[in-house]
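Close look at the chain arrangement
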Amino acid sequence: MTQRTVYVNGDYVAEQDAKVSVFDRGFLLADGVYEVSSVLDGKLIDFSGHMQRLKRSAGALELALPWDDEALLTIHRELIRRNALEEGMVYLQLTRGSAGDREFHYPGADTPPTLVLFTQAKALIAGRSGNDGIRIATQPDWRWARRDIKTVQLLYPAMAKMAAKAAGADDAWLVENGVVTEGASNNAWILTQDGVLVTRELSHAILPGITRAVVLELAEALSLRVEVRAFSVEEAQNARECFVTSASSFVTPVVAIDDIAVADGRPGQVTRQLRDAYIEESRRRAI
Ligand code: PDD
C-alpha cells in the first residue's frame with residue numbers, strides 16, 4: 001500500500017512520522033471519541049451529522065473541541081486530496097491529550113486535546129458484503145452503559161467480532177435482556193413478515209447512527225411502515241429481511257443469524273431498495 005498522509009495536531013505527515021505521546025489519555029485510558037465518515041467520488045457523506053455527533057460525544061465527556069465544523073471540513077478535504085481518496089472512509093479521533101503522566105482525574109484546560117485523522121480506502125459500493133449480505137452471530141452485550149457516546153473503548157466490540165468469526169460468521173449482534181441492542185459496529189434492523197421496518201429506539205443503550213437517521217428518512221419517503229422499538233433474536237430470525245447500517249457499510253443485508261437463514265438466505269428486496277436509495281441520496285448530498 002502506498003504511504004498515507006495523516007493529520008496529527010495541525011500537521012500533515014507521512015504515516016510513519018504520525019506520532020502521539022505514550023502519556024496520551026487516549027492510549028492510557030481510552031479517554032477519547034471518534035467519528036468515521038464515508039467518502040464516495042472523493043466527497044464526504046453525511047458530514048454535518050457526523051460532526052454534530054462528535055460535538056455531542058465530546059460534550060458528554062467535557063472534552064474540548066477547539067475546531068469548528070468549517071475547520072474540520074477543511075482537514076477532511078485536505079486529507080482526501082493528499083491521499084487521492086475516491087472511495088472509503090476518513091477516521092477522526094479526539095482525545096483528552098497528554099498531561100505528561102498517568103492520572104485518572106481530567107487534566108486542566110491548559111492540556112490541549114489530541115486530534116488525529118487518517119483515510120482508509122475501501123470498496124463501499126462494489127464490496128462483497130454489501131451486495132451478497134453477511135452472516136451474524138449473536139453475543140452478549142457486555143459494553144458499558146453509555147453506548148450513545150462514540151468513545152474509542154472498542155475492546156469489547158473487537159472481542160465480539162472475534163467470537164463471531166470463530167463461530168463462522170462475518171459480524172456480531174449484541175444482545176441484552178433478550179433483545180438486540182445493535183451490531184458491534186452498526187445499527188440493526190428487521191423487516192417483519194407484515195412488512196414493518198423495525199429498528200431500536202435511541203437511548204443510552206445504542207449509538208445514534210448517522211446512517212440510521214438517514215435511512216429512517218428514506219423509509220418515510222418510500223412510504224414504508226416503521227416501528228422504532230427493540231426486537232428479539234428470534235423475531236429477527238423469523239423476519240422477512242434483516243440488515244445493518246453504518247458509515248462503513250451503508251445498508252448491508254443480513255442473510256443468517258446464529259446459523260439460521262433469514263427468509264431464503266438471500267438479501268431482501270426492501271434492503272436492496274434502501275441500500276440503492278441511500279447510495280443515490282448520499283451521492284446527491286455529498287460535499
Ligand atoms: N461504527 N453502532 C455502533 C456500535 C457503531 O460503532 C456504529 C458505527 C454504528 C453506526 O453509526 P453510523 O451510521 O453513524 O456509522 C452503530 C463505525 C463505522 C466504526 O466504528 O467503524
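Residues numbered from 1 in each chain as written. Predicted model: local features only at pLDDT ≥ 70, side-chain atom pairs only at ≥ 80, totals over all residues. Heavy atoms only, no water.

The name given to the chain in an unreviewed UniProt entry is Aminodeoxychorismate lyase, with the source organism recorded as Salinicola socius. In its Sequence similarities (unreviewed entry) section, the UniProt entry covering the chain states "Belongs to the class-IV pyridoxal-phosphate-dependent aminotransferase family." Quoted straight from UniProt, the Cofactor (unreviewed entry) entry for the chain says "pyridoxal 5'-phosphate". (UniProt positions renumbered as here; feature names shortened; annotations may be inferred.)

**Overview of the pairing of strand β1 (residues 5-8)**
Along β1, one buried face is formed by T5 and Y7 and the opposite face, lined by V6 and V8, is buried too. Remark: 2 residues form the turn of the hairpin made by β1 and strand β2 (residues 11-14), two consecutive strands paired antiparallel; N9 in that turn has positive phi of roughly 45 degrees. (Buried < 20%, exposed > 50% of the residue type's maximum accessible area, 1.4 Å probe, protein only. Helix = DSSP H or I, 4+ residues; strand = E, 2+ residues; numbered from the N terminus. Pairing = 2+ DSSP bridges.)

**Here's the deal with the packing of aromatic side chains**
Enumeration over the complete set of coordinates arrives at 7 aromatic pairs. Put simply, the rings of Y34, Y91 and F118 pair up and form one aromatic cluster. Its end group placed over the ring of Y12, R82 keeps NZ or CZ at 4.4 Å from the ring centre. In this structure, R96 packs its charged tip against the face of Y106, placed 3.4 Å from the ring centre. (Phe/Tyr/Trp six-rings, centres within 6.5 Å; stacked < 30°, edge-to-face > 60°. Lys NZ or Arg CZ within 6 Å of the ring centre and 35° of its normal.)

**Some thoughts on the site of the ligand**
What surrounds the ligand is a group of 20 residues, the closest being Y34, R53, E182, T211 and A247. Burial of the ligand by the surrounding chains reaches 89%, relative to a free accessible area of 470 Å². For the ligand, the cavity whose grid points lie within 2 Å of the majority of its atoms is the largest pocket. Where the shell around the ligand is concerned, the elements lending two or more residues are β3 (32-40), α2 (47-60), β9 (179-183), α6 (210-221) and β13 (241-246). Residues lining the shell around the ligand come from more than one domain, with at least three contributed by each of domain 1 (5-121) and domain 2 (128-285). (Near = heavy atom within 4 Å. Areas by Shrake-Rupley, 256 points an atom, 1.4 Å probe, with all protein chains shown as cover. 1 Å grid on protein atoms, 1.4 Å probe; cavity = no way out; pocket = protein on both sides within 12 Å on 5 of 7 lines; lining within 4 Å. Sits in = over half its atoms within 2 Å of the grid points. Domains from an automatic or database assignment.)

**Focus: the domain arrangement of the chain**
Along its sequence, the chain is carved into domain 1 (5-121) and domain 2 (128-285). Taking only C-alpha atoms into account, the centre of domain 1 sits 26 Å from that of domain 2. Taken together, the contacts link 21 residues of domain 1 with 19 residues of domain 2. Where domain 1 abuts domain 2, roughly 1,900 Å² becomes buried across the two surfaces, and 63% of that area is made up of carbon and sulfur atoms. For the pair domain 1 and domain 2, the number of links is 2 salt bridges. Across the domain 1-domain 2 interface, the total number found is 8 residue pairs in polar contact (both at pLDDT 80 or more). The set of elements that each furnish at least two residues to the side of domain 1 that touches domain 2 consists of β3, α2 and β5 (88-95). Per-element tally for the side of domain 1 that touches domain 2: the top contributor is β3, with 7 residues. (Contact = heavy atoms within 4.5 Å. Buried area = accessible area lost by both parts, 1.4 Å probe. Salt bridge = Lys/Arg side-chain N within 4 Å of Asp/Glu carboxyl O. Polar contact = N/O pair within 3.5 Å; in protein donor to acceptor, adjacent residues only side chain to side chain.)

**A look at the layout of surface pockets**
The volume enclosed by the largest pocket comes to roughly 1,100 Å³. Forming the boundary of the largest pocket are 48 residues, of which Y34, K161, A184, S185 and N186 lie nearest the centre. Counting residues per element, the lining of the largest pocket draws most heavily on helix α5 (residues 155-166), at 5 residues. Looking at the lining of the largest pocket, its residues break down into 20 nonpolar, 18 polar and 10 charged. Summarising the domain contributions, the lining of the largest pocket has at least three residues from each of domain 1 (5-121) and domain 2 (128-285). A volume near 270 Å³ is recorded for the second largest pocket. Along its surface, the second largest pocket is lined by 19 residues, and D46, S48, G49, I210 and V214 are the ones closest to its centre. At the level of elements, α2 and α6 are the ones that each hand at least two residues to the lining of the second largest pocket. Sorting elements by how many residues they give to the lining of the second largest pocket places α2 first, with 6 residues. Class assignment of the residues belonging to the lining of the second largest pocket gives a composition of 9 nonpolar, 4 polar and 6 charged. Residue contributions to the lining of the second largest pocket reach at least three from each of two domains, namely domain 1 (5-121) and domain 2 (128-285). (Points joined across faces, edges and corners; volume = space filled by probe spheres on them. Nonpolar A, V, L, I, M, F, W, Y, C, P; charged D, E, K, R; others polar.)

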